[in-house]
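In case you want the letters, here they are:
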Amino acid sequence: MKILVVCGNGLGSSFMMALTVKKALAELGKEAEVTHTDLTTATSEKADVYIGAGDIVDQLDNGMRKIVRIVNMMSIAEIKSKLESLF
């Protein structure tokens, strides 16, 4: 499974959220390829799941992509609860 973490510029916040996603996956005992990028690049990248803050990731929702909206990007508990349903 490929998880793409998306933010506006693809730098700081998506990098921090990608680290949190990796920690959440480890706690769940699951494995996935986790990368991060900016919104513009994400529109052309293929992934199984797109994760980000609602205002950003909603722009990727074309009805075909699996979108996960995060409120607190540093909350392992929130990310775990949203990832559990994907496996």
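The structure we're discussing is the one just above.
I will try to describe carefully the structure that is included in this document.

Parameters and conventions
- Residues numbered from 1 in each chain as written.
- Predicted model: local features only at pLDDT ≥ 70, side-chain atom pairs only at ≥ 80, totals over all residues.
- Heavy atoms only, no water.
- Helix = DSSP H or I, 4+ residues; strand = E, 2+ residues; numbered from the N terminus.
- Expected span 1.5 Å × (residues − 1).
- Buried < 20%, exposed > 50% of the residue type's maximum accessible area, 1.4 Å probe, protein only.
- Arc of directions from axis to C-beta.
- Contact = heavy atoms within 4.5 Å.
- Pairing = 2+ DSSP bridges.
- Axes fitted to C-alpha atoms, helices over the stretch in contact; angles between N-to-C directions.

This paragraph deals with helix H1 (residues 12-28). The end-to-end C-alpha distance of H1, which contains 17 residues, comes to 25 Å, matching closely the 24 Å that a straight helix rising 1.5 Å per residue would cover. Buried residues of H1: Ser14, Met17, Ala18, Thr20, Val21, Ala24, Leu25 and Leu28, and no others. One face of H1 carries all of its buried residues, which in axial projection span an arc of 165°. Away from its buried face, by an angle of more than 90 degrees, H1 presents the exposed residues Ala26 and Glu27. Those residues of H1 that are buried are in contact with strand E1 (2-7), strand E2 (33-38), strand E3 (49-53), strand E4 (67-70) and helix H4 (76-84).

With that settled, consider the sheet that holds E2. One open sheet holds the four strands; their spatial order is E2-E1-E3-E4, and the pairing between them is parallel. Since the sheet does not close on itself, it has two edges, and those belong to E2 and E4, each with one partner. Going from strand to strand, the sheet's axes swing by 25° on average, the running direction of each strand aside. As paired strands, E3 and E4 are joined by four bridges and run parallel to one another. Within E4, the residue paired with Ala53 across the bridge is Ile70. Strands E1, E3 and E4 of the sheet are contacted by H4, whose axis makes an angle of about 160° with E4.

Take the pairing of E3 next. When you tally the buried positions in E3, you get four out of five residues, the bulk of the element. As paired elements, E1 and E3 share four bridges and run parallel to each other. Bridge pairing links Ile3 to Val49 in E3.

Once that is clear, we can look at the environment of Thr41. Inspection of the secondary structure assignment puts Thr41 in helix H2 (residues 39-42). What makes Thr41 partly exposed here is its relative accessible area of 30%. Sequence separation of Thr41 and Ile67 is 26 residues, and the distance between their C-alpha atoms is 16 Å.

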